[in-house]
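# Architecture at a glance
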Amino acid sequence: MTNSLARRKLAILPVLLLPLAAVAACGGTNAETDCDVNSCTVTFDRGVEASASILGVDAELVSVQGETVTLAIEGNNITVPVGDGQQAEEAEGFDVSVKSVTQDKVVVEITANA
């Protein structure tokens, strides 16, 4: 009986760790990522080629012109105004919003559509 209980607990372990594996899969080049199960905040460095692989898609900072940021999501360019999240654009099943732009960084939030 005890052996059966231990097997069941071990069988559940991979299911419980799956969300953590998805979060750990986030990363980038010249970018920092902070992800949970359905959204990521990506901080891109400006002035260099910056990209991140998050939530199963590739995102790249293409350009910044004033208060407008161009990103490539899975190779498709979208233009997103800097805002408070209210001005999100949709791309590849995700809502993409630009939280802030500084001389050195661009902070973007990417959230899976529900």
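These lines cover the structure that appears in this document, whether it is placed above or below. Values in this document were obtained by computation on a predicted structure and should not be read as measured data. In this convention, every chain numbers its residues from 1, walking through the sequence in written order. Given that this is a predicted model, residues contribute local features only at a pLDDT of at least 70 and side-chain atom pairs are listed and counted only at 80 or more, while totals for whole chains, interfaces and linings are drawn from all residues. Where side-chain values are given, they derive from all heavy atoms of the structure, hydrogens and water being excluded.

Turning to the overall build of the chain, a few remarks are in order. Under the DSSP-based scheme used, a helix requires at least four consecutive residues in state H or I and a strand at least two consecutive residues in state E, with every element numbered from the N terminus. Within the chain, the regular secondary structure consists of 1 helix and 10 strands. What you see in the chain, going N to C, is helices and strands ordered as α-β-β-β-β-β-β-β-β-β-β. Within the chain, the fraction of its 114 residues that count as buried is 28%. Considering only residue pairs separated by 6 or more positions, the chain has 26% of its internal contacts joining residues 24 or more positions apart. Shrake-Rupley sampling with a 1.4 Å probe provides the accessible areas, and residues are treated as covered by the protein chains on show and by no other component. About 7100 Å² of surface is accessible on the chain, with carbon and sulfur atoms providing 51% of the total. Only protein chains enter the area calculation, which uses a 1.4 Å probe; residues under 20% of their type maximum are buried, those over 50% are exposed, and those in between are partly exposed. In what follows, a contact means two residues having at least one pair of non-hydrogen atoms within 4.5 Å.

Within the chain, Leu 55 stands out as a residue other than glycine whose phi angle is a positive 50°. In this fold, Leu 55 is placed in the loop between strand E4 (50-54) and strand E5 (57-65). Of the residues examined, Leu 55 reaches a relative accessible area of 24% and is grouped as partly exposed. A positive phi angle is found at Glu 92, which is not glycine, with a value near 55°. Counting through the fold element by element, Glu 92 comes out in the loop between strand E8 (89-91) and strand E9 (94-101). Residue Glu 92 is classed as partly exposed on the basis of its relative accessible area, which comes to 43%.

A separate point is the pairing of strand E3 (residues 39-45). Examined bridge by bridge, strand E2 (residues 31-35) and E3 share 5 bridges and lie antiparallel to one another. Among the inter-strand pairings, Thr 33 is bridged to a residue of E3, identified as Val 42. Note: two strands are recorded as paired if DSSP finds a minimum of 2 bridges between them. The antiparallel hairpin formed by E2 and E3 contains 3 residues in its connecting segment. Looking at chain direction, E3 and strand E10 (residues 105-112) are connected through 7 bridges and run antiparallel. Across the sheet, Cys 40 pairs through a bridge with Ile 110, a residue of E10.

Here the focus is the nonpolar core. Among the nonpolar cores identified, the biggest contains 26 residues, and Phe 44, Ile 54, Leu 71 and Val 96 are the most heavily contacted of them. For this core, the secondary-structure elements that each account for two or more residues are E2, E3, E4, E5, strand E6 (68-73), strand E7 (76-81), E9 and E10. By residue number, the principal contributor to this core is E5, which donates 4 residues. Among all residues touching Val 96, those that are not within four sequence positions of it are Leu 71, Ile 73, Ile 78, Val 80, Gln 87, Ala 88, Glu 89, Ala 91, Val 108, Glu 109 and Ile 110. Here the nonpolar core consists of buried residues drawn from Ala, Val, Leu, Ile, Met, Phe, Trp, Tyr and Cys, with membership extended through side-chain atoms lying within 4.5 Å.

As far as function goes, none of this settles anything; it's purely spatial.
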